[in-house]
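# Survey of secondary and tertiary structure
Chain by chain, the residues run as shown.
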Amino acid sequence: MTLYDELIKYQDKKYRDFQAALVPNISKETMLGVRTPDMRKLAKEFFKNPDAPEFLSSLPHKYFEENLIHFFMIAMIKDFDECISAVEKFLPYIDCWPVCDQSSPKVFKKNHEALLPYIKKWILSDHVYTARFGMRILMNEFLDEDFKPEYLELVASKKGDDYYLKMMIAWYFATALAKQYDATLPIIEQHRLEPWTHNKAIQKALESFRVSDEHKEYLKKLKINQI
């Protein structure tokens, strides 16, 4: 029985319609309508299947859910080099934000030094979702103990008009304001980001429970008036 056969068992067409509205840049015909907990369950089961290596090497996939399960399976790989190889092979095929955002390989946390060069390379990519993934992993892994102010520059210097790219930049800086306020604030004060992204980063910071009321009041004054 194939992974597709298993996915069909969990299909919910009404949920597919709901999901399609959230991901308008891909065709609804590529979506089956399977909820994330069910996909994670299938990924765990299929990861142990003898056919798993063949599935991971067979790209591109046809369905949105196959891509998500693919990335969930990659996140389970325990060897760093093997995981990175699988990530790099898959990144060019990511075509929407949910696939990009829902997988975080656990092995990354124990290999920050080896991971950082890949993050830098991914952020520089012209492929929107490769760059978005690089920024998200930088946000997840390098805004705490291993943070360096220079990492902010990797994201601040990223340019592009794509909505999902700009949203990731805003998300990164909102999170950076919550976790590394003093280091991040100058970039906001100097208006280093494109105006829309600048304002979106402030908006998301204002919505965060991790940003103090005092900081929120000051950030409100830094918004750019756009005509």
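Above this text you will find the structure in question.
First things first, this report covers the structure right here in the doc. (Residues numbered from 1 in each chain as written. Predicted model: local features only at pLDDT ≥ 70, side-chain atom pairs only at ≥ 80, totals over all residues. Heavy atoms only, no water.)

## Quick word on unusual backbone geometry
- At the junction of leucine 59 and proline 60, the peptide bond is cis and its omega measures out at 0 degrees in the coordinates.
- Relative to the helices and strands, proline 60 is located in the loop between α4 (52-57) and α5 (64-74).
- Even without being a glycine, histidine 191 presents a positive backbone phi close to 55 degrees.
- Along the chain, the position of histidine 191 falls in the loop between α12 (181-189) and α13 (195-206). (Helix = DSSP H or I, 4+ residues; strand = E, 2+ residues; numbered from the N terminus.)

## Some details on the nonpolar core
- Counting 79 residues, the largest nonpolar core has Phe108, Tyr172, Phe173 and Leu219 as the members making the most contacts within it.
- Among the elements that take part in this core, helix α11 (residues 163-179) stands out by supplying 10 residues, more than any other.
- Excluding its chain neighbours within four sequence positions, the residues that come into contact with leucine 219 are Leu177, Tyr181, Leu185, Ile188, Ile202, Ala205, Leu206 and Val211. (Core = buried A, V, L, I, M, F, W, Y, C linked by side-chain atoms within 4.5 Å. Buried < 20%, exposed > 50% of the residue type's maximum accessible area, 1.4 Å probe, protein only. Contact = heavy atoms within 4.5 Å.)

## Regarding helix α6 (residues 80-90)
- Along α6, the residues classified as buried are Phe80, Cys83, Ile84, Ala86, Val87 and Phe90. The buried side chains of α6 occupy one side of the element, clustering within an arc of 165 degrees when seen end-on.
- One side-chain oxygen of the residue at the start of α6 lies 3.3 Å from the amide nitrogen of aspartate 81, identifying that residue as aspartate 79. (Arc of directions from axis to C-beta. Polar contact = N/O pair within 3.5 Å; in protein donor to acceptor, adjacent residues only side chain to side chain.)

## What to know about the state of the cysteines
- Applying the stated criterion across every chain, the model contains 0 disulfides.
- Left without a disulfide partner, cysteine 83 is nearest to the cysteine sulfur of cysteine 100, which lies 14 Å away.
- On the accessibility criterion, cysteine 83 (0% relative accessible area) is buried.
- In this structure cysteine 100 is not part of a disulfide, and its nearest cysteine sulfur, from cysteine 96, lies 8.6 Å away. (Disulfide = S-S within 2.5 Å.)

## Regarding the pattern of salt bridges
- A full pass over the atoms with the stated rule returns 11 salt bridges.
- A salt bridge links lysine 121 to glutamate 88; the nearest nitrogen and oxygen atoms lie 2.9 Å apart. Of the two residues, lysine 121 is situated in helix α8 (residues 112-124) and glutamate 88 in helix α6; the sequence distance between them amounts to 33 residues.
- For glutamate 88, a relative accessible area of 28% puts it in the partly exposed group.
- Put simply, arginine 132 and aspartate 101 hold a salt bridge, and the shortest N to O gap is 2.5 Å. Placement of arginine 132 in helix α9 (residues 128-141) and of aspartate 101 in helix α7 (residues 97-101) is noted, with a sequence separation of 31 residues between them. Aspartate 101 matches arginine 132 in its accessibility class, with the two residues each being buried.
- Bridged by salt links that share partners, the residues Arg16, Asp17 and Lys28 form one connected network. (Salt bridge = Lys/Arg side-chain N within 4 Å of Asp/Glu carboxyl O.)

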